[in-house]
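A closer look at the structure
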Amino acid sequence: MATTAVGQPLSRVDARRKVTGTATYSAEHRIEGLLYGVIVNGTVARGTVSRISVDAALAHPGVLRVLTDFGKLQLAHPVDRLAFYGQPIAVVVAETLEAATHGASLVEATYERQDAVTDFDDPDIPSQTPEDEPDYSRGDPAGALASAQVKVDLELTSARENHNPIELPSTIARWQDGPLTLWDKTQWSQGAARTVAGALGIAVTDVRVHNEFLGGGFGSGIQTYDHVVLAAFAAREVNRPVKVVLTRRQFYYGTGFRPASRHRMALGSTAAGRVSALVYEVRIENARYRTYTDGLTDLPKFLYGVPNTSTAYRITPIDVHSPASMRGPGVVLGNFALETAMDQLAHELAVDPVELRLRNEPTQDEVSQLPFSTRKLRECYQTGARRFGWSRRRAKPGSRTDGDLLIGMGMATASYHNNRRDSSARARIHADGTAEVFAASADMGPGTTTSVMQVAADALGLPASAVTFRLGDSSYPTAPLHAAACTMASVGSAAHTTCNALKAEFIRRAVADPDSPLHGANPADVQVRDGQLETSGARDTYRDILRRAGMPSLDITGNWGPGDADSRISTYGYGAVFAEVSVDPLLGLVRVRRIFAAYDVGRVISPKLAHSQAIGGMVGGIGMALLEGTVTDHRDGRIVNASLADYLVPVNADVLDLDAAFINTEDPQADPIGVKGLGEITIVGVAPAIGNAVFNATGKRLTDLPIRPEALL
């Protein structure tokens, strides 16, 4: 009997191409007649360009054009004035990258500066309540907090973070007989097509975007930024293909970032450890020209059964580029505040941190009043604690040492909403018995190409080796953005639904065909294994059905969407993250010794890829906890550490022992393949688990991210 593909620890189907260098990324496509574009960035945070001199650049050998008039483009920010440091003011187009780069350095601009504010802690800048994040309240949080037997009231902060995937933002644009083709590093090809079409004033049907391979993203490729539009604009102006690749420094102010944040988290509890009140107030930085919000208040008002809860979300608009989604957007910061406060409350109550969380497990979603589809959080706590060795933790801070080092253990809960969105797929079986499935999705690293193939193979009754999943093309059937942990649940469900429909069509044709061995059989009795349709000893094959019909292939396009499921159930992923750290009290140096996490993320399609996702999220969480922070010179808005030499990210020496396990569960109410999103939840909970471990090691409650050595000295 054939082994099903789902649940098998398959290696990535594109792994060999990636490690041998034959996978072609956006900037690597060989396009005839290609020119190179380099963006010139403004150097003031607010003002206008009063004069721009391009003569020296145009005189440089190889430079063909210097474009400075963007007035007819519809961009996300104003084009008639400067709204942030680094805003594009020109594009130099040349025969070579070297000529374009040097030409860009010869462009000179004079500015009419206006007073700018780039520090969102400036007391003169008023905060605002965004329309899509109104204040929330249930019960009497102020009264319950005032009367609580035990109180915790913390102020917390986090620094701005930048995404820093390996592949830089890159675009090749080519106009050919009217339509525009883009090879772009984007997490959403169809979204990019719409944005570019709107910016240039052309029909979206005249834009095709290719993005088969992405070298990481973490959210930096969700939106379509200036460099993409300007590449297309430049290519149209010079009537030749143009490539634009941002430098690492340009990346920092050419795309979005995780906004810096300020939090107040207050908890009130009974002496028995029942949390009776939660008050959460948060503020993040924003751009003046555009409002950005994400889900910071989601988990504080949802995760525990707290009858009296209030949240307040504020933004502070300043003269910066707009923030954007970054892995675990919003949720990871709100959870840091919540889980740090929960750990402090456990300390005040002298209750084990896991036990405190168990005492406050809700019986339903307190926000929506809906039942949980599945919630195996207790099992996550139990599995995680057992596998990690939580019983060896000493409750008294600073009581465990290893030579001169202080050793601490900490934990935190993780959760993320199970996002599912409308999606489509096309499935095709060829005369040789192989199959292809198409959707306009992307794969920035989680292994979408492999995992959707596994789902499709099982639905079609074919071995995994006979099925190929095609993605990375905006002309394919509709798919949502490759972000928000929605790809597998959405695109995977569309592939599952479509492939089942195609299989059913083959069965229908076989039982209706007098020449088929299955003629007259009940379609419901026909099973498909390894491309063979069989029932009661009679067999037919996909190949033979197509051969008799004289068809080279047969395909079907299908759709799937969550419908009204979110009005009936509350569906989230859950996790418990455990961390052990060492702290050198003389140097203030924190080292993460090990992290273990247990997750309830529904059905695990590909265990090997899921484990890789978990490890990647932990690495990102280590960066957030201990290393990452973008530094701005507030005199002009320039980012000081816009390079991997100065912006610190985890390296191999920082990630010694990371492991994860998955609770055996499915969520069939959420989607037909029973999955929950995995990409985002794996970073949620890591930073507070590390911070709580530092407290256990030192007795110092650190509430500012990243944790810096000087805070421990």
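As a starting point, this report considers the structure included with it. All values derive from a computational prediction rather than experimental measurement.

1. A look at the sheet that holds strand 1 (residues 35–41)
Hydrogen bonds between backbone groups are what pair the strands of a sheet, and the pairing can be parallel or antiparallel. Strand order in the open sheet formed by seven strands is 3-4-1-11-8-9-10, and the pairing between neighbours is mixed. Both edges of this open sheet fall to strand 3 (63–67) and strand 10 (207–210), since each of them pairs with a single strand only. Direction aside, the axes of adjacent strands within the sheet are offset by 20° on average. Where strand 1 meets strand 4 (residues 88–94), six bridges bridge the pair, whose relative direction is antiparallel. For Val40, the partnering residue across the bridge sits in strand 4 and is Ala90. Sitting on the sheet, helix 3 (residues 97–106) touches strand 1, strand 3 and strand 4, and the angle it makes with strand 1 is about 20°.

2. Comments concerning the sheet that holds strand 18 (residues 435–438)
The sheet built from four strands is open, its strands ordered 19-18-17-23 with mixed pairing. Two strands lie at the open edges of the sheet, namely strand 19 (467–470) and strand 23 (553–560), each paired on one side alone. Direction aside, the axes of adjacent strands within the sheet are offset by 20° on average. Of the pairings in the sheet, the one linking strand 17 (residues 423–430) to strand 18 comprises four bridges and is antiparallel in character. When the sheet's bridge partners are listed, Arg428 is paired in strand 18 with Glu436. Those strands touched by helix 12 (residues 448–460) are strand 17, strand 18 and strand 19, and its axis lies near 130° from that of strand 19.

3. Digging into a nonpolar patch on the surface
Side chains of Leu586, Leu587 and Leu589 sit close together on the surface and give an oily, nonpolar patch of about 340 Å² of accessible area. Secondary-structure assignment places Leu586 in the loop between strand 24 (572–584) and strand 25 (589–600).

4. Examining the environment of Ile315
Along the chain, Ile315 turns up in strand 14 (residues 308–318). Ile315 sits in the buried class, given a relative accessible area of 2%. As a C-alpha pair, Ile315 and Arg46 span 269 residues in sequence and 19 Å in three-dimensional space. If near-sequence neighbours (up to four positions away) are discounted, Ile315 is found in contact with Pro126, Ser127, Gln128, Pro130, Ile284, Asn286, Thr291, Tyr292 and Thr293.

5. Thoughts on the pairing of strand 11 (residues 242–245)
Here strand 1 pairs with strand 11 via three bridges, running parallel. When the bridges of strand 11 are listed, Leu35 appears paired with Val242. Pairing of strand 8 (residues 170–175) with strand 11 involves four bridges; the strand directions are antiparallel. If you follow Ile172 over to strand 11, its bridge partner there is Lys243.

Rules behind the numbers
- Residues numbered from 1 in each chain as written.
- Predicted model: local features only at pLDDT ≥ 70, side-chain atom pairs only at ≥ 80, totals over all residues.
- Heavy atoms only, no water.
- Pairing = 2+ DSSP bridges.
- Helix = DSSP H or I, 4+ residues; strand = E, 2+ residues; numbered from the N terminus.
- Axes fitted to C-alpha atoms, helices over the stretch in contact; angles between N-to-C directions.
- Contact = heavy atoms within 4.5 Å.
- Patch = residues over 30% accessible without salt bridge, like charges linked within 9 Å, V, L, I, M, F, W, Y side chains within 5 Å.
- Areas by Shrake-Rupley, 256 points an atom, 1.4 Å probe, with all protein chains shown as cover.
- Salt bridge = Lys/Arg side-chain N within 4 Å of Asp/Glu carboxyl O.
- Buried < 20%, exposed > 50% of the residue type's maximum accessible area, 1.4 Å probe, protein only.

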